[in-house]
Amino acid sequence: MAQVTFDRVGKVYADGTRAVTGLDLEIDDGELMVLVGPSGCGKTTTLRMTAGLEDVTEGDIRIGERVVNELDASDRDVAMVFQNYALYPHMSVFDNLAFPLRARGLPKSEIRARVDRIAALLGLDGMLQRKPRALSGGQRQRVAMGRAIVREPEVFLMDEPLSNLDAKLRTQMRAEIAGLQGELAVTMIYVTHDQVEAMTIGTQIAVLHEGVLQQRGSPQTLYDDPNNVFVATFIGSPGMNLLRGRIEREGDTLACVLGGRRMPVATGNGSLAALAAYAGGAVATGVRPEHLREPDGSEATRLRGRVRFAELLGAEQLVQIELDEAWAFDPQAPATAAPGRAVVTARFDAHAPIRTGDAAEVAVAAERLQFFDLETGRAIR
């Protein structure tokens, strides 16, 4: 296996469309790196440049010690699993798995041994004589993965491999892929637009937006400490609530004012020294849905509004509340734009009596507020 390094990598298509800009990213040997972001963010282009299916416009891609920019795809020692499986329909499972080994001219005995081992690993050993049309979607995906694994490449590339599966099977396959990667200790780059999939599979996640790397880190780091507004709202389901707040001094301490509600800024809210520079001015204030809770009789700061919608998920409810006072923050609008009425999502107990149109209160866990610059969207630290 091998380390993969992107050194200021960029991609510009012939029509002038820029897909990737200045990508600096290092993926350790044996690491499972997930590239995640919305459609058109450059993640699949990055994967295809790594595989040799797209030319690199700027910078270098290294696999191990080799710069592979000019190498043909067949010479890079990578294997790619596609969204559509790309199985040969006229071949049996055995022949699909054996195909890349036969193409390399390996002896029949070695081909049989490798295919049998991979089939057993993936639970396909009873299906080797079937054709792809006789398999379920999950079984076809295992065959596609097995065809990549059997080659024993330096790097595995997976391009949204689970998007054609139903929700239950996706959950099962996520666990299988993560377990398989750990068992094989392979270097894997996995592309998805689904941030839940990214959080559950990746040991490391790289978030891309408009071709630019926004943040790289562990799933928990990205969730707890996002670099900017985009990462804060993209990572998490649902994403972080954003409100327009005002920072004010209270002697030696700081307070955040949301609408008519005033709450102290705790020492856990990033760097107080950095936030103090915003005293007297507006900031984007972020709070996760789980940090907006049902009031429990304490004196916690509360926001008031009316229930717009409640979504019962079994163990909890996701409740959308249109607030009476707190100002909305729209990251797409100019910082000088007049704020509108804010809608936040809170997590309530499944049995809380919630109805659309009801008056509602949420208690704010003020110590978990996060703050971002209104103009740049960067976290204030």
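The following paragraphs examine the structure supplied in this document. (Residues numbered from 1 in each chain as written. Predicted model: local features only at pLDDT ≥ 70, side-chain atom pairs only at ≥ 80, totals over all residues. Heavy atoms only, no water.)

## Examining helix α2 (residues 93-103)
- If you check which residues of α2 are buried, you get Val93, Phe94, Asn96, Leu97, Ala98, Pro100 and Leu101.
- Close packing links the buried residues of α2 with α3 (108-121) and α4 (137-149).
- Downstream of α2 by one or two residues, glycine 105 has phi in the positive range, about 75°. (Buried < 20%, exposed > 50% of the residue type's maximum accessible area, 1.4 Å probe, protein only. Helix = DSSP H or I, 4+ residues; strand = E, 2+ residues; numbered from the N terminus. Contact = heavy atoms within 4.5 Å.)

## Concerning the environment of proline 331
- Within the secondary structure, proline 331 sits in the loop between β17 (316-328) and β18 (341-349).
- Classification of proline 331 as partly exposed rests on a relative accessible area of 42%.
- Counting along the chain gives 97 residues from proline 331 to phenylalanine 234, while the straight-line C-alpha distance between them is 12 Å.

## Some details on the side chain of threonine 285
- Relative to the elements of secondary structure, threonine 285 occurs in strand β14 (residues 282-287).
- Setting aside residues no more than four positions away along its own chain, threonine 285 makes contact with Asn241, Leu242, Leu243, Gly245, Cys256, Leu258, Leu369, Gln370 and Phe371.

## Quick word on the pattern of salt bridges
- Per the stated rule, a full pass over the model turns up 23 salt bridges.
- Here aspartate 116 ties to arginine 112 by a salt bridge, and the two come within 3.3 Å at their closest N and O atoms. On the criterion of helical spacing, the pair formed by aspartate 116 and arginine 112 is a turn pair, its members being four residues apart in helix α3.
- Classification of arginine 112 by relative accessible area gives partly exposed; the value is 39%.
- In this structure, aspartate 358 engages arginine 355 in a salt bridge whose closest nitrogen and oxygen atoms are separated by 3.5 Å.
- Among the charged side chains, a network of salt bridges with common partners joins Glu110, Arg114, Arg117 and Glu152. (Salt bridge = Lys/Arg side-chain N within 4 Å of Asp/Glu carboxyl O.)

## Digging into the pairing of strand β4 (residues 58-63)
- Direction of pairing for strand β1 (residues 4-12) relative to β4: antiparallel, over a ladder of five bridges. If you follow threonine 5 over to β4, its bridge partner there is arginine 62.
- Pairing of β4 with strand β5 (residues 66-67), which is carried by two bridges, proceeds in the antiparallel orientation. The residue of β5 that forms the bridge with arginine 62 is valine 67.
- A loop of two residues connects β4 with β5, the two strands running antiparallel in sequence, and glycine 64 in this loop sits at a positive phi of about 65°. (Pairing = 2+ DSSP bridges.)

## Quick look at the packing of α2 against α4
- Packing of α2 against α4 brings their axes to within 7 Å, and their N-to-C directions diverge by 30°. Comparing the axis directions of α2 and α4 gives the class roughly parallel. Relative to α4, the crossing made by α2 is right-handed. Seen from α2, the contacting residues are Val93, Asn96, Leu97 and Pro100; seen from α4, they are Val143, Gly146 and Arg147. (Axes fitted to C-alpha atoms, helices over the stretch in contact; angles between N-to-C directions. Parallel < 35°, antiparallel > 145°, perpendicular 65-115°, else oblique. Left-handed = near helix turned anticlockwise from the far one by under 90°.)

## Structural notes on the nonpolar core
- With 49 residues, the main nonpolar core has Val34, Val115, Tyr190 and Val207 as its most contacted residues.
- Setting aside anything within four residues of it in sequence, one finds valine 207 in contact with Val36, Val212, Leu213, Gln214, Gln215, Leu222, Phe230, Val231 and Ile235. (Core = buried A, V, L, I, M, F, W, Y, C linked by side-chain atoms within 4.5 Å.)

## Describing the sheet that holds β4
- Pairing within the open sheet is antiparallel, and its four strands lie in the order β2-β1-β4-β5. The sheet is open, and its two edges are formed by β2 (18-27) and β5, each paired on a single side.

## Quick notes on the sheet that holds strand β9 (residues 204-209)
- Across the sheet, which stays open at both edges, the six strands sit in the order β6-β7-β8-β3-β9-β10 with mixed pairing between neighbours. With one partner strand each, in any of the chains shown, β6 (78-81) and β10 (212-217) form the two edges of the open sheet. Pairs of neighbouring strands in the sheet enclose a mean axial angle of 20°, with direction left out of account.
- When strand β7 (residues 155-159) meets strand β8 (residues 187-192), the two strands line up parallel, connected through five bridges. Looking at β8, one finds that valine 155 is bridged to threonine 187.
- In the packing of α4 onto the sheet, contacts are made with β6 and β7, and the angle to β6 comes to roughly 175°.

## Re α3
- For α3, spanning 14 residues, the distance from its first C-alpha to its last is 20 Å, which sits close to the expected 20 Å at 1.5 Å a residue.
- Residues of α3 that are buried: Ile111, Arg114, Val115, Ile118 and Ala119. Viewed end-on, α3 has its buried residues packed into an arc of 130°, placing them on one side of the element.
- The inward-facing, buried residues of α3 abut α2 and α4.
- Looking one or two places after α3, you find glycine 123, whose phi comes out positive at around 70°. (Expected span 1.5 Å × (residues − 1). Arc of directions from axis to C-beta.)

## Digging into the packing of aromatic side chains
- One pass over the full model with this rule turns up two aromatic pairs.
- Both rings, one in tyrosine 88 and one in phenylalanine 99, keep their centres 4.8 Å apart while their planes meet at 50°; by these two values the pair is tilted. Placement of tyrosine 88 in the loop between β6 and α2 and of phenylalanine 99 in helix α2 is noted, with a sequence separation of 11 residues between them.
- Their ring planes at 15° and their centres at 5.5 Å tell us that phenylalanine 230 and phenylalanine 234 sit as a pair that is stacked. Of this pair, phenylalanine 230 and phenylalanine 234 both sit in helix α8 (residues 229-234), separated by four residues, roughly a single helical turn.
- Of the residues examined, phenylalanine 230 reaches a relative accessible area of 18% and is grouped as buried. (Phe/Tyr/Trp six-rings, centres within 6.5 Å; stacked < 30°, edge-to-face > 60°.)

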